[in-house]
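Residues per chain are reported as follows:
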Amino acid sequence: MGRGSTVLALGFVLVVLVGAVGAAAGTPAPPPAAYYGSLTVDGDPAPAGLTVTAEIDGEQRGSLTTGDAGRYGGPGAFDPKLQVDGTDGDEGATVHFFVEGESAGTATWRSGDVREVALSATGVSVPTPEAGSGGGSGGSGGVPLVPPSTPTETPMEPGSSSTPTVTVTRSGDEVDVAVTDARAGDEVEVQPDATTSHGIGLDGIAITPRVNGSFTLNASLLANPPAGTPPLPAGGNGIGFLQVDHSIADADIDGVTFRFRASKQRLADAGLDADAVTLYRLHEGDWSPLPTTRVDESTTDYVFEADSPGLSLFAIGQRSGDESTPTESETPVSTSVPDEDESPATETRTDGSGPRFGSLVALLALLSTVALLRYRHR
């Protein structure tokens, strides 16, 4: 996966979006609501290929063409959903749903809401494929049974014609990211261009999904770890934390590359060497160091890249062992292993040249002298 790609800014709160986020009058629009659920027509499961629309105050705010019989959209992170746009003034407004123009139900609009709503319509004209047609030309009436805009269930080769849409909305230190029509094996690049006030910044994130579909990201850059967070392996609390929540499962991620920065002053204040900076990932209660490389430098910052297998809580800290692991000259065992020509080896010599052998000879000689004197005296 390419590294020059971008990564989410370390140090700020990303709120989950479910779809593209618009902007109105220069102010970021609130995240849309998203709906899915069962769909019946005249009491029977609705066939695929029907158009479901949503209106607020008589204005259409979203539409979706069904891809499966008996339902519209789905609960999974990569399932399509009926996204309904709104404004701050629409909070609590009634959403009216229609199937091919026929009333099918209502819901209350809440920004960022993802909700299951069962829809039911009557009097809808639906295409009726001929039984036993053997799969000829499909349904009648010009309504496609599987609309091109609906993500397919069959695997698609990397580099397919569909181009993912990436929407980034910033508000202060908050960044919202919505990715639609991502393709398996194709890297998705996000450029939040965000920095923080405590010397940590994030240039971007590059994520490669394993499956086709859409997803959202939610992250926050923290100066201190969340309560109950275990200490880093190298000790200390780290100099910055990035919390990334996500609608896409880790099992559906082939890899992530973060590109982040740390100011030289921030590293100096923390007593951290740039070459020892490591990004850690908290997974299942344990911190794991990630491959981290210093890739650039400016007059004020160092820039790093790190690869991760998934998303969760991350920390910038000292590489484990850089300060706590003694060097070979400091390790006690290194001083107890003599070279072949050093004197400790003489302790095992049997040729009489060692110090212990000489002392034994002198002792025997003394005992012999004492014995001889006692014999003469007698």
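Above this text you will find the structure in question.
Everything numeric here is computed off the predicted structure, so don't read it as measured data.

What counts and how
Residues numbered from 1 in each chain as written. Predicted model: local features only at pLDDT ≥ 70, side-chain atom pairs only at ≥ 80, totals over all residues. Heavy atoms only, no water. Helix = DSSP H or I, 4+ residues; strand = E, 2+ residues; numbered from the N terminus. Contact = heavy atoms within 4.5 Å. Areas by Shrake-Rupley, 256 points an atom, 1.4 Å probe, with all protein chains shown as cover. Buried < 20%, exposed > 50% of the residue type's maximum accessible area, 1.4 Å probe, protein only. Pairing = 2+ DSSP bridges. Salt bridge = Lys/Arg side-chain N within 4 Å of Asp/Glu carboxyl O. Axes fitted to C-alpha atoms, helices over the stretch in contact; angles between N-to-C directions. Phe/Tyr/Trp six-rings, centres within 6.5 Å; stacked < 30°, edge-to-face > 60°. Lys NZ or Arg CZ within 6 Å of the ring centre and 35° of its normal. Core = buried A, V, L, I, M, F, W, Y, C linked by side-chain atoms within 4.5 Å.

Visitor: I'd like to hear about the overall build of the protein chain, residue by residue, with values.
Guide: Along the backbone of the protein chain there are 2 helices and 25 strands. The long-range share in the protein chain, meaning contacts at least 24 apart out of those at least 6 apart in sequence, stands at 68%. Accessible surface, the protein chain: about 19,700 Å² in total, of which carbon and sulfur atoms supply 49%.

Visitor: Describe the pairing of strand β24 (residues 301–308), and please don't skip the residues or the numbers.
Guide: Judged by how many residues are buried, β24 sits mostly within the fold: 7 of 8 residues are covered. Pairing of strand β20 (residues 253–263) with β24 involves 8 bridges; the strand directions are antiparallel. Across the sheet, the residue bridging to V256 is S308, located in β24. Here 5 bridges tie strand β23 (residues 292–297) to β24, and the two strands are oriented antiparallel to one another. Bridge pairing links R294 to F304 in β24. Taking the residues that link successive antiparallel strands as the turn, the β23-β24 hairpin has 3 residues.

Visitor: How would you summarise the pattern of salt bridges if you had to cite specific residues and measurements?
Guide: What the rule picks out here adds up to 12 salt bridges. Across the pair R261 and D203 runs a salt bridge whose closest N-O atoms are separated by 2.4 Å. Residue R261 is located in strand β20, and its partner D203 is located in strand β17 (residues 200–209); the two are separated by 58 residues in the primary sequence. You can call R261 partly exposed: its relative accessible area is 24%. Overall, D203 belongs to the buried group, its relative accessible area being 16%. We note a salt bridge from E297 to K264, for which the minimum N-O separation is 2.7 Å. Pair noted here: E297 is in strand β23 and K264 is in helix α1 (residues 264–270), with a separation of 33 residues, a long-range link. Counted as one network, the salt bridges with shared partners bring together D203, R259, R261, D301 and E305.

Visitor: I'd like a rundown of unusual backbone geometry, residues and numbers included.
Guide: Backbone geometry places D57, a non-glycine residue, at a positive phi of 55 degrees. The exposure class assigned to D57 is exposed, which follows from its relative accessible area of 69%.

Visitor: Can you tell me about the sheet that holds strand β5 (residues 51–56), naming the residues and giving the values?
Guide: Pairing in this open sheet of 4 strands is antiparallel, and the strands run β6-β5-β9-β10 from one edge to the other. Lying at the two open borders of the sheet, with one neighbouring strand each, are β6 (59–65) and β10 (102–108). Across the sheet, the axes of successive neighbouring strands diverge by a mean angle of 25 degrees, strand direction being ignored. For β5 and strand β9 (residues 94–99), the ladder comprises 4 bridges, and the chain directions are antiparallel. When the sheet's bridge partners are listed, T53 is paired in β9 with F98.

Visitor: Talk me through the packing of aromatic side chains; I want residue IDs and the actual numbers.
Guide: Applying the stated rule across the entire model yields 4 aromatic pairs. On the basis of an interplanar angle of 80 degrees and a centroid distance of 5.3 Å, the ring pair of Y35 and F97 is categorised as edge-to-face. With Y35 in strand β3 (residues 33–41) and F97 in strand β9, this pair connects stretches of sequence that are 62 residues apart. Its relative accessible area of 0% is what places Y35 among the buried residues. On the basis of relative accessibility, which here comes to 0%, the residue F97 falls in the buried class. Residues F260 and F304 carry aromatic rings whose centres are separated by 5.4 Å and whose planes lie at 20 degrees to one another, so their mutual orientation is stacked. Of the two residues, F260 sits in strand β20 while F304 sits in strand β24, which places them 44 residues apart along the sequence. Here the basic side chain of K81 rests over the ring of Y36, its NZ or CZ set 5.9 Å away from the ring centre. Between the NZ or CZ atom of K264 and the centre of the ring of Y302, over which it lies, the distance is 5.0 Å.

Visitor: Describe the nonpolar core, with residues and values.
Guide: It is characteristic of soluble globular proteins that their nonpolar side chains tend to be buried jointly. I207, L242, F258, F260, L267, L279 and L311 are the most contacted members of the largest nonpolar core, which has 35 residues in total. Among the elements that make up this core, the one with the highest residue count is β20 (5 residues). For L311, the residues in contact, after removing those within four places along its chain, are I205, I207, L217, V244, H246, D250, I253, V256, F258 and R281. Core analysis: the next-biggest nonpolar cluster, separate from the first, contains 24 residues, A54, L82, V95 and L119 among them.

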